[in-house]
Amino acid sequence: MQKNDISWFRPLWRRVAVTVFLAIWVVWELFWTQDQFWAFLVGAALAYSLYNFFYAFPKEEPDNGDQSEPPRPPEGDNGPSS
């Protein structure tokens, strides 16, 4: 996926909406129209969206783009006393 695609699909509701739409379309093609060609094509798109949106989708990135740092010790704490 391109970076623009990833930023547009970042909200979970958009990924779920596209996947649900494709699932409903597959059911429509299989049980109402009984068109195997379109059912196969939409089923492939559904499988592709399931893989890309929920398995391979990149995890959340920090807002500022920096790597997260470990917490620093409180001010005035110089470590163990000798």
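Draft legend 1. Region of the structure containing the overall build of the protein. Tallying secondary structure elements over the protein gives 3 helices and 0 strands in all. Going from N to C terminus, the protein has its helices and strands arranged as α-α-α. For the protein, the residues scored as buried account for 17% of the 82 residues in total. Taking contacts inside the protein between residues at least 6 apart in sequence as the whole, the part at least 24 apart equals 60%. Of the roughly 7,300 Å² of accessible surface on the protein, 61% is carried by carbon and sulfur atoms.

Draft legend 2. Just the packing of aromatic side chains, in detail. If you walk through the whole model with that rule in mind, you get 5 aromatic pairs. Between W28 and W32, the aromatic rings sit 5.5 Å apart at their centres with planes inclined by 25 degrees, giving stacked as the arrangement. In this pair, W28 and W32 both sit in helix 2 (residues 12–33), 4 residues apart, roughly one turn of the helix. What makes W28 partly exposed here is its relative accessible area of 44%. We note R15 situated over the ring of F57; from NZ or CZ to the ring centre the distance is 4.2 Å.

Draft legend 3. Structural detail: unusual backbone geometry. We note that Q34 has phi near 55 degrees; this positive angle belongs to a residue other than glycine. For Q34, the position within the fold is in the loop between helix 2 and helix 3 (36–55). Since its relative accessible area comes to 60%, Q34 is described here as exposed.

Draft legend 4. Seen up close, the environment of I6. With respect to the element layout, I6 can be found in helix 1 (residues 3–8). Since its relative accessible area comes to 18%, I6 is described here as buried. For the pair I6 and F57, spaced 51 residues apart in the sequence, the C-alpha separation amounts to 8.0 Å.

Draft legend 5. Representation of the confidence of the model for the protein within the structure. Scored by pLDDT, the protein comes out at a mean of 81, with 67% of its residues at no less than 70. Mean pLDDT in the protein bottoms out at helix 1, which sits at 69, and peaks at helix 2, which reaches 94.

Draft legend 6. Here's a closer look at the side chain of S49. Mapped onto the secondary structure, S49 falls in helix 3. If near-sequence neighbours (up to four positions away) are discounted, S49 is found in contact with T19, L22 and F54.

The rules behind the values
- Residues numbered from 1 in each chain as written.
- Predicted model: local features only at pLDDT ≥ 70, side-chain atom pairs only at ≥ 80, totals over all residues.
- Heavy atoms only, no water.
- Helix = DSSP H or I, 4+ residues; strand = E, 2+ residues; numbered from the N terminus.
- Buried < 20%, exposed > 50% of the residue type's maximum accessible area, 1.4 Å probe, protein only.
- Contact = heavy atoms within 4.5 Å.
- Areas by Shrake-Rupley, 256 points an atom, 1.4 Å probe, with all protein chains shown as cover.
- Phe/Tyr/Trp six-rings, centres within 6.5 Å; stacked < 30°, edge-to-face > 60°.
- Lys NZ or Arg CZ within 6 Å of the ring centre and 35° of its normal.
- pLDDT = per-residue confidence, 0-100.

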